[in-house]
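# Examining the three-dimensional arrangement
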Amino acid sequence: GINPYKSWYTEVLEDGTMKAYWRMPFKKEAQVSFINYGLQDVDIDYKVLYEKSGWSDDTMYFHANWRQEREMETLAGTGARDWNYTTLHGKGVYVGDVLSVVNSVEAWWGEGDEKIYVDNEKFPSHFGTGTEDYYGYAWCTPLFFESPFHAQPRCEGPANFGNTTNLRFRLLDGIPFTTDFVFDMEVWHWATTVVDYAATTFWYGLPGATIDKTAGPDRDELQVEAAEPVQYNHKLAVRLSTFELEESLTKGIVGIQDMKSFEKNGFSWKDSKQLWWRDGVSDDTISLRVFNVPSGKKTLVLGTTCAVDYCIAQFLWNGREIGKPVDFFNEDAVIHRTVKIDVPETNGEDGVLSVRIIGKNEKSLGTMFGLDVVSWE
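About the thresholds
Residues numbered from 1 in each chain as written. Predicted model: local features only at pLDDT ≥ 70, side-chain atom pairs only at ≥ 80, totals over all residues. Heavy atoms only, no water. Core = buried A, V, L, I, M, F, W, Y, C linked by side-chain atoms within 4.5 Å. Buried < 20%, exposed > 50% of the residue type's maximum accessible area, 1.4 Å probe, protein only. Helix = DSSP H or I, 4+ residues; strand = E, 2+ residues; numbered from the N terminus. Contact = heavy atoms within 4.5 Å. Polar contact = N/O pair within 3.5 Å; in protein donor to acceptor, adjacent residues only side chain to side chain. Pairing = 2+ DSSP bridges. Axes fitted to C-alpha atoms, helices over the stretch in contact; angles between N-to-C directions.

Once that is clear, we can look at the nonpolar core. Leu-302, Phe-315, Phe-328, Leu-353 and Val-374 are the most contacted members of the largest nonpolar core, which has 40 residues in total. Sorting elements by how many residues they give to this core places strand β25 (residues 369–376) first, with four residues. Excluding its chain neighbours within four sequence positions, the residues that come into contact with Leu-302 are Phe-315, Arg-337, Thr-338, Val-339, Ile-341, Leu-353, Leu-371, Val-373 and Val-374. Among the nonpolar cores identified, the runner-up in size contains 27 residues, and Leu-99, Val-195, Ala-199 and Ala-209 belong to it.

It is worth spelling out the side chain of Asn-330 at this point. In this fold, Asn-330 is placed in the loop between β22 (320–327) and β23 (335–342). At 2.8 Å, the side chain of Asn-330 forms a polar contact with the backbone oxygen of Ala-333.

Turning our eyes to something else, we now look at the pairing of strand β11 (residues 162–169). A regular strand carries its side chains on alternate faces of the sheet. In terms of residue burial, β11 counts as a mostly covered element, since eight of its eight residues are buried. In terms of strand pairing, strand β6 (residues 92–103) meets β11 through eight bridges, oriented antiparallel. Looking at β11, one finds that Val-102 is bridged to Asn-163. Counting the residues that bridge the hairpin from strand β10 (residues 150–155) to β11 gives six residues, and of these Gly-157 lies at a positive phi of roughly 75°.

So, about the sheet that holds strand β17 (residues 253–258). Across the sheet, five strands lie side by side as β17-β18-β25-β20-β23; this open sheet has antiparallel pairing. Looking along the sheet, the strands with just one partner apiece sit at the ends: β17 and β23. Shown here is a sheet whose adjacent strand axes are inclined to one another by a mean of 30°, direction ignored. As defined by bridge partners, strand β20 (residues 299–306) adjoins β23 across eight bridges and the pair is classed as antiparallel. By the bridge assignment for β23, Leu-302 is matched with Val-339.

Right under this line is the structure:
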């Protein structure tokens, strides 16, 4: 993750040298410490440079604070939670932040808006339009970029999987506060999964300014294991009342979609939700574990969705094709459709329903698929 880049306040050189240019005033004395949380010895060459200048009643101390939360559950676009970067008290100026995310899937993680409250505001005077917009880019790009005040020096991929680091520094748009400052960011993800967030915040404060001790260990409590790369090997947690995701798909994004906004057309989905599969291509397959299969049934009843951007799919039961391909294109509206398919007689054990994309209607704008319930006749 030590990638060369340059911003106004920070820089990483090709040889791994890391530099920071924050001004750090002190009135009487300053102490510099190097703490090794790793497992190997490290040699350090350093020097301290400082200049004498007058201290006045307007001089502020520099602060850098860090907090992290592991494995936060996300809601696949059906909701969000506010995650606090920092809460400050006193008088000062907020001058920037760095967000590091560990994403366990390829889907985009950053639809959440920033909410900044200054001096005990009831409603945030700074209310954003998305995490990527706050950090100076759009359309969830996985590409490296750098500029003086915005950068994405790390985005491992594929797509938005793995470690991503974004930064925003405020030289010309620092935010002054006189009593309090609160910065929240919504955690809003396209998929139902888990993510890690870690935020570093930078600010200047007059003597006496303080920060709330939000969740996260003090430096002396950090575990050595925290220096090791984080790996995710678990499956996506996608489950509805009668089935759950059995296997990872080869391409695309799977999650739970809230269908309340479409029920005004006179259609309804069980619990107003569906499994929603997007961005799959021909021959991609997802497999679903179906619960509580009764004995002796021969007709599978599927609650599905049809819309202008849905696919043509072939169904399989326990690995064998059943029925003919079904076209889920509908030009006029998002509708709920019941599909009945004959299957071999069931034996009362859980089964695996697979969905394979085989193409799309010539008028269709995409290859989505939706399923809300599996039942039997």
